[in-house]
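Residue strings, one per chain:
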Amino acid sequence: MGGPRGAGWVAAGLLLGAGACYCIYRLTRGRRRGDRELGIRSSKSAEDLTDGSYDDVLNAEQLQKLLYLLESTEDPVIIERALITLGNNAAFSVNQAIIRELGGIPTVANKINHSNQSIKEKALNALNNLSVNVENQIKIKVDSSFLSLYDSHVAKEILLRVLTLFQNIKNCLKIEGHLAVQPTFTEGSLFFLLHGEECAQKIRALADHHDAEVKEKVVTIIPKI
């Protein structure tokens, strides 16, 4: 009688042992797979970060990779994608400061002069988000030719974005409708350029623009001039 019962206990023990080993195998395999996946995610290249499927907020190291890519490539598709990613990340105040500290503002601003209309538009989008930070406004330089973007013949998409840029810069200098303490804007800064009478005249002239969206935008800005 002891023999069959003992055999039963041995069989049960073997089954339990096998089950435990399998669970340990699955946990270890899952951990290794997770580690591999984490390694893949954390080692994404700059181009991976621009593929449109990466939705996380980038950290300083990733932003630096992206800025380097923007400076080093001449591929218009990659430039546009990099500007979109930077623009999306510049919507977060912490990244507005990081991009400035990494020297990224001139890199983005230089793309406004690009011959590709879509790249010009994406660069302005990124600058619009960066410009809501007053410290960033001091760093934004773009020369007197920038004012040509406020001419009536400029594409509507560009006009709307340069008008938004003007609006953001003016809004940052006001607190509850009153003029805040104005930082020192050196000659050559974007604020200094947009604060001049030439820019004001160009914006007033856009009140007669043929496009309703542009006219509506100008109406909201004119009281700030």
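Scroll up to find the structure this text is about.
Thresholds, definitions, all that
- Residues numbered from 1 in each chain as written.
- Predicted model: local features only at pLDDT ≥ 70, side-chain atom pairs only at ≥ 80, totals over all residues.
- Heavy atoms only, no water.
- Patch = residues over 30% accessible without salt bridge, like charges linked within 9 Å, V, L, I, M, F, W, Y side chains within 5 Å.
- Areas by Shrake-Rupley, 256 points an atom, 1.4 Å probe, with all protein chains shown as cover.
- Salt bridge = Lys/Arg side-chain N within 4 Å of Asp/Glu carboxyl O.
- Helix = DSSP H or I, 4+ residues; strand = E, 2+ residues; numbered from the N terminus.
- Buried < 20%, exposed > 50% of the residue type's maximum accessible area, 1.4 Å probe, protein only.
- Axes fitted to C-alpha atoms, helices over the stretch in contact; angles between N-to-C directions.
- Left-handed = near helix turned anticlockwise from the far one by under 90°.
- Contact = heavy atoms within 4.5 Å.
- Nonpolar A, V, L, I, M, F, W, Y, C, P; charged D, E, K, R; others polar.

Participant: What is the right way to read a nonpolar patch on the surface from this model?
Facilitator: Together, Val 57, Phe 92 and Val 94 line one region of the surface with nonpolar side chains, adding up to about 260 Å² of accessible area. Along the chain, Val 94 falls in helix α4 (residues 93-101).

Participant: So what exactly am I meant to see when it comes to the pattern of salt bridges here?
Facilitator: Side-chain pairs of opposite charge can arise whenever the charged atoms involved come near each other. In the structure shown here, the tally under the stated rule is 7 salt bridges. One salt bridge connects Lys 122 with Glu 80, and the closest N-O pair in it is separated by 3.1 Å. With Lys 122 in helix α6 (residues 117-130) and Glu 80 in helix α3 (residues 76-89), this pair connects stretches of sequence that are 42 residues apart. A relative accessible area of 16% means that Lys 122 is categorised as buried. Of the charged contacts in the structure, one is a salt bridge between Lys 156 and Glu 213, with a shortest N-O distance of 2.6 Å. Of this pair, Lys 156 sits in helix α8 (residues 156-172) while Glu 213 sits in helix α11 (residues 212-221), and the two are 57 residues apart along the sequence. Taking relative accessible area as the criterion, Lys 156 reaches 27% and is therefore assigned partly exposed. The class of Glu 213 is partly exposed, set by a relative accessible area of 44%.

Participant: Explain the packing of helix α2 (residues 60-72) against α3 here, please?
Facilitator: When two helices pack together, their arrangement is captured by the angle between the axes and the distance separating the axes. At a closest axis distance of 9 Å, the pairing of α2 and α3 adopts a crossing angle of 145°. In the packing of α2 onto α3, the handedness of the crossing is left-handed. Contacts from Leu 63, Leu 66, Leu 67, Leu 69 and Leu 70 in α2 reach Ile 78, Ile 79, Ala 82, Leu 83, Thr 85, Leu 86 and Asn 89 in α3. Here the residues of the contact of α2 with α3 are counted per class, giving 10 nonpolar, 2 polar and no charged.

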